[in-house]
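Tertiary structure, described
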Amino acid sequence: QVQLVESGGGLVQAGGSLRLSCAASGRIFSYDAMGWYRQAPGKQRELVATTTSGGSTNYADSVKGRFTISRDNAKNTVDLQMNSLKPEDTAVYYCNVDRGGLFNYWGQGTQVTVSS
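Calculation criteria
- Residues numbered from 1 in each chain as written.
- Predicted model: local features only at pLDDT ≥ 70, side-chain atom pairs only at ≥ 80, totals over all residues.
- Heavy atoms only, no water.
- Helix = DSSP H or I, 4+ residues; strand = E, 2+ residues; numbered from the N terminus.
- Rg over C-alpha atoms; globule rule 2.2 N^0.38 Å.
- Buried < 20%, exposed > 50% of the residue type's maximum accessible area, 1.4 Å probe, protein only.
- Pairing = 2+ DSSP bridges.
- Core = buried A, V, L, I, M, F, W, Y, C linked by side-chain atoms within 4.5 Å.
- Contact = heavy atoms within 4.5 Å.

Another aspect to go through is the overall build of the protein chain. Helices and strands together make up the secondary structure of the protein chain, namely zero helices and eleven strands. Taken against the 2.2 N^0.38 rule, which gives 13 Å for 116 residues, the C-alpha radius of gyration of the protein chain at 13 Å falls within 12% of a compact globule. Counting only C-alpha atoms, the protein chain reaches 40 × 25 × 20 Å along its principal axes. Expressed as a percentage of the 116 residues in the protein chain, the buried residues total 42%.

Printed below as a string of structure tokens:
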């Protein structure tokens, strides 16, 4: 019922910035959390940042102070502004919708590559 489409990935030099966007189609409810996860080859998928419709946010320690998540409840979109990028940020980034803690929807992923 929910489809997520990410955009904005690409190649950037260390210290640069990139903005990821995710557009959701289908119903998004007030109790749904939205966020971003990432996965590098050979590593587990990890949380980057999440946000609720009420504005609460949660960031991984590795990105605090560098990344900012924002959500537009009217448009059902969630963005991730990434600043001061590091090579270790290189990964496939996935948009996520947490359906009330019962089920997760995932986007197709967008590649972010940070060169040194």
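With that settled, the discussion passes to the pairing of strand E7 (residues 67-72). Walk down a regular strand and you will see the side chains alternate between the two sheet faces. With burial as the criterion, only one face of E7 is covered, namely that bearing Phe67, Ile69 and Arg71; the residues Thr68, Ser70 and Asp72 on the opposite face remain uncovered. Two strands pair when backbone bridges link them, and E7 and strand E8 (residues 77-82) are joined in this way by six bridges, in the antiparallel orientation. If you follow aspartate 72 over to E8, its bridge partner there is threonine 77. Hairpin connection between E7 and E8: a loop of four residues separates the two successive antiparallel strands, and asparagine 76 in this loop has a positive phi of roughly 55°.

On to the nonpolar core. One finds Leu4, Trp36, Val48, Phe67, Leu80, Met82 and Tyr93 to be the most contacted residues of the largest nonpolar core, which totals 29 residues. Of all the secondary structure elements, the ones that give two or more residues to this core are strand E3 (18-25), strand E4 (33-39), strand E5 (46-51), E7, E8, strand E9 (91-99) and strand E11 (110-115). With residues up to four places along the chain from it excluded, the contact list for tyrosine 93 reads Glu6, Leu20, Trp36, Tyr37, Arg38, Val48, Phe67, Leu80, Met82, Gly109, Thr110 and Val112.

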